[in-house]
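# A look at the structure
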Amino acid sequence: MPVNRSGQVHTTIDERAEAGRIARVTIDYSERLNVLNTPIINDLTATLADLAADEALRVLVLTGAGDRAFIGGADIYELVELDSSTAAPFVTRLHGLCTAIRDLPVPVIARIGGHCLGGGLVVAAACDLRVAGENATFGMPEVRVGLPSVVESALLPSLMGWGKAREVLYTGDAIPAAEALAFGLVERVVPPDQLDDAVERWISSILASGPRAVRAQKALMRRWEALPLGDAITAGIPFFVDAYRSDEPRTYMRRFIDRQRGRSGRR
């Protein structure tokens, strides 16, 4: 089981009988809008490394404490003290956190309430699925404090299109949840008090699917991101073949066939 390394990163594990484990990781720094400083970044990255080794893990939910922010950005009080020799280690740590999210072998759901800004939006972009409360706001305000948006900000054009990404990155203006949904930055927007229900619907669907298949799908999608289209298409063939090295496809297909027969009354 993962070990929490500070009072500002909490991990809970939800055991679902034979279905597997759901991890919920919460950044608990609500008095500062759950901003990311070096200790929190390090704790989150280490926690994700622990969870990545859990073969029973099926899905991870990442959120921020309270209802004011998912992650309000990188800690400006740490940023203002950086110089040309300390800037690289800081931003490399943030990149390492995002890489740990993207490389986690199971889907990562960002549960977003309130502000999702700067480093917070970078982290959200690294997640597989994003659900936001109607009160959520999204933005990359780095240019407002003299910095470009970097590392996993490069994911934004593929999520929301180049034009909208340019607007968000060049102006530093925040956009509301409805606009984020319209441009594909998030997959779902719900009233704040329905966030947990929306997350649970995704969890239930993931748990109803083959665990090896879901892990293979995430690994394949990571390959797709780095390959030309033709290579991405053929890259899936070994994954398809490898699925049949276990009984999972036959087991799930037989369940499906049995359900269909039960509905039709056939034997």
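Residues numbered from 1 in each chain as written. Predicted model: local features only at pLDDT ≥ 70, side-chain atom pairs only at ≥ 80, totals over all residues. Heavy atoms only, no water.

### A word on the sheet that holds strand 9 (residues 175–176)
If you walk across this open sheet you meet the 4 strands as 4-6-8-9, and the pairing is mixed. Looking at strand neighbours, the two that pair on one side only are strand 4 (69–71) and strand 9, the edges of this open sheet. Here strand 6 (residues 115–117) pairs with strand 8 (residues 137–139) via 3 bridges, running parallel. Residue pairing for strand 8: Cys 116 is matched across the bridge by Phe 138. Contacts from helix 4 (residues 119–126) reach strand 4, strand 6 and strand 8 within the one sheet, and its direction differs from that of strand 6 by about 90°. (Pairing = 2+ DSSP bridges. Helix = DSSP H or I, 4+ residues; strand = E, 2+ residues; numbered from the N terminus. Contact = heavy atoms within 4.5 Å. Axes fitted to C-alpha atoms, helices over the stretch in contact; angles between N-to-C directions.)

### Focus on the sheet that holds strand 2 (residues 21–27)
Reading across the sheet, the 6 strands line up as 1-2-3-5-7-10 and stay open at both edges, with mixed pairing between neighbours. If you trace the sheet from one side to the other, it starts and ends with strand 1 (9–15) and strand 10 (188–190), each paired once. Here the average twist between neighbouring strands, direction ignored, is 20°. Bridge count for strand 7 (residues 129–133) against strand 10 is 3 bridges, and the pairing is parallel. Of the residues in strand 10, the one forming a bridge with Gly 133 is Val 190. Taken strand by strand, helix 1 (residues 38–52) contacts strand 1, strand 2 and strand 3 (57–64), and its axis lies near 20° from that of strand 1.

### A short note on the nonpolar core
Of all hydrophobic cores here, the largest spans 50 residues; its most connected members are Leu 62, Val 123 and Phe 138. If sequence neighbours within four positions are ignored, Leu 62 has contacts with Val 25, Leu 44, Phe 70, Ile 101, Val 108, Ile 109, Ala 110, Arg 111, Val 123 and Cys 127. Among the nonpolar cores identified, the runner-up in size contains 14 residues, and Leu 195, Val 199, Ile 203 and Val 214 belong to it. (Core = buried A, V, L, I, M, F, W, Y, C linked by side-chain atoms within 4.5 Å. Buried < 20%, exposed > 50% of the residue type's maximum accessible area, 1.4 Å probe, protein only.)

### Re the pattern of salt bridges
Applying the stated criterion across every chain yields a total of 19 salt bridges. The residue Glu 179 makes a salt bridge to Lys 164 at a minimum N-O spacing of 2.3 Å. One end of the pair, Glu 179, is in helix 7 (residues 177–182); the other, Lys 164, is in helix 6 (residues 162–171), with 15 residues separating them in the sequence. Using a relative accessible area of 26% as the deciding quantity, one classes Glu 179 as partly exposed. Among the residues examined, Lys 164 registers a relative accessible area of 8% and is labelled buried. Residue Asp 242 pairs with Arg 245 through a salt bridge whose shortest N-O separation is 3.3 Å. For Arg 245, a relative accessible area of 64% translates into the label exposed. Counted as one network, the salt bridges with shared partners bring together Asp 14, Arg 16, Arg 24 and Glu 200. (Salt bridge = Lys/Arg side-chain N within 4 Å of Asp/Glu carboxyl O.)

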